[in-house]
Amino acid sequence: MSQALTIVKDLRDGVLSANLVGHIDAGSDYSALQFAGVTQLHLNFKGITLINSAGIQKWVKFMQSVPDTVAITFEECPPNIVNQCNLFANFTGGKKVTFKSFQAPFFCETCDDSVDILLQTDQVLSGGKVTIPEPPCPKCQSKMDFDGIEDKYFLFLTR
Ligand SMILES: [Zn+2]
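It should be emphasised that the depicted structure is a prediction, and the values quoted were computed from it without experimental measurement.

Rules used in this analysis
- For every chain, the first residue of the written sequence is number 1, and numbering continues from 1 along that sequence.
- At least 70 in pLDDT is required for a residue's local features to be given in this predicted model, at least 80 for side-chain atom pairs to be given and counted, and no such filter applies to totals for whole chains, interfaces and linings, which use all residues.
- Joined through C-beta atoms within 7 Å, a set of buried Ala, Val, Leu, Ile, Met, Phe, Trp, Tyr and Cys residues constitutes a nonpolar core.
- Exposure criterion: with C-beta atoms placed from backbone coordinates, a residue whose C-beta has 20 or more other C-beta atoms within 10 Å is buried, one with 12 or fewer is exposed, and one in between is partly exposed.
- Under the scheme used here, helices are H or I runs from DSSP no shorter than 4 residues and strands are E runs no shorter than 2 residues, and both carry numbers assigned from the N terminus.
- What fixes the domain bounds is an automatic or database domain assignment.
- A pair of residues counts as a contact when their C-beta atoms, built from backbone coordinates, are separated by no more than 7 Å.
- Any two strands with at least two DSSP-identified bridges between them are counted as paired.
- Starting at the helix axis, one direction is taken to each C-beta atom, and the arc is that of these directions.

## Observations concerning the nonpolar core
Line of reasoning, step 1. Formed by 25 residues in total, the largest nonpolar core has its most connected members in Phe45, Ile48, Cys77, Ile81, Val82 and Phe102.
Line of reasoning, step 2. Contributions of two or more residues to this core are made by strand 2 (15–24), strand 3 (40–51), helix 2 (79–87) and strand 6 (101–108).
Line of reasoning, step 3. Considering each element in turn, this core owes the most residues, 5 residues, to strand 3.
Line of reasoning, step 4. Each of two domains, domain 1 (1–99) and domain 2 (104–159), supplies a minimum of three residues to this core.
Line of reasoning, step 5. With sequence-adjacent residues up to four places away left out, Cys77 is seen in contact with Phe45, Val82, Phe99, Phe102 and Gln103.

Listed below in structure tokens is the structure:
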């Protein structure tokens, strides 16, 4: 089933905030995002459920079209977006992007379950070094461990 990309946007005092929801694929249309008078672009990826290779090509073209005078922030990137940022250095279209927050998978031994937890970059990254937190399980409050390969998953923060 196709889940066309929906962009929910809000422009206030030169700050363009956009929530991206659905699939980033070949049919994704970014023309709703215009940059006249915009100084900051805050892109929230929380609602992205799928990204495919044709979608990445179109996405990179969109990123390249953002004027260099616009400061770009990525927020609440789910693991599928984090993985693209790690695998594909050009995912940001060559722009300098500030990663404000992102999700990471953690494992609760008590519940025997994995859950994606939202992390703020400034809680994880300090002086160019990554420190992985032990967030409480949302169900049982036990401390959880990161459920992945640390050197790979957090690479995008230090590159
Ligand atoms: Zn638990």
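Now, onward.
## Points about the pairing of strand 6
For a regular strand, side-chain orientation follows a simple rule: the groups alternate between the two sheet faces.
Line of reasoning, step 1. Going residue by residue along strand 6, you find Phe102, Ala104, Phe106 and Cys108 tucked away on one face and Ser101, Gln103, Pro105 and Phe107 left uncovered on the opposite face.
Line of reasoning, step 2. Looking at chain direction, strand 6 and strand 7 (residues 113–120) are connected through 8 bridges and run antiparallel. Paired with Phe107 across the bridge in strand 7 is Ser114.
Line of reasoning, step 3. As consecutive antiparallel partners, strand 6 and strand 7 are separated by 4 residues, and within that stretch Asp112 has a phi angle of approximately 55°, a positive value.
Line of reasoning, step 4. Sheet analysis places strand 6 next to strand 10 (residues 145–146), joined by 2 bridges and oriented antiparallel. The residue bridging Phe106 from the neighbouring strand is Phe146, located in strand 10.

## A closer look at the sheet that holds strand 10
Line of reasoning, step 1. Ordered by their spatial adjacency, 3 strands build an open sheet running 7-6-10, and the pairing between neighbours is antiparallel. Edge positions in the sheet fall to strand 7 and strand 10, since each of these pairs with one other strand and no more.

## Looking at helix 2
Line of reasoning, step 1. Along helix 2, the positions that sit buried rather than exposed are Ile81, Val82 and Gln84. The buried residues of helix 2 occupy an angular sector of 160° when the element is viewed end-on, so they sit on one face.

Bear in mind that shape data such as this cannot, by itself, settle questions of function.
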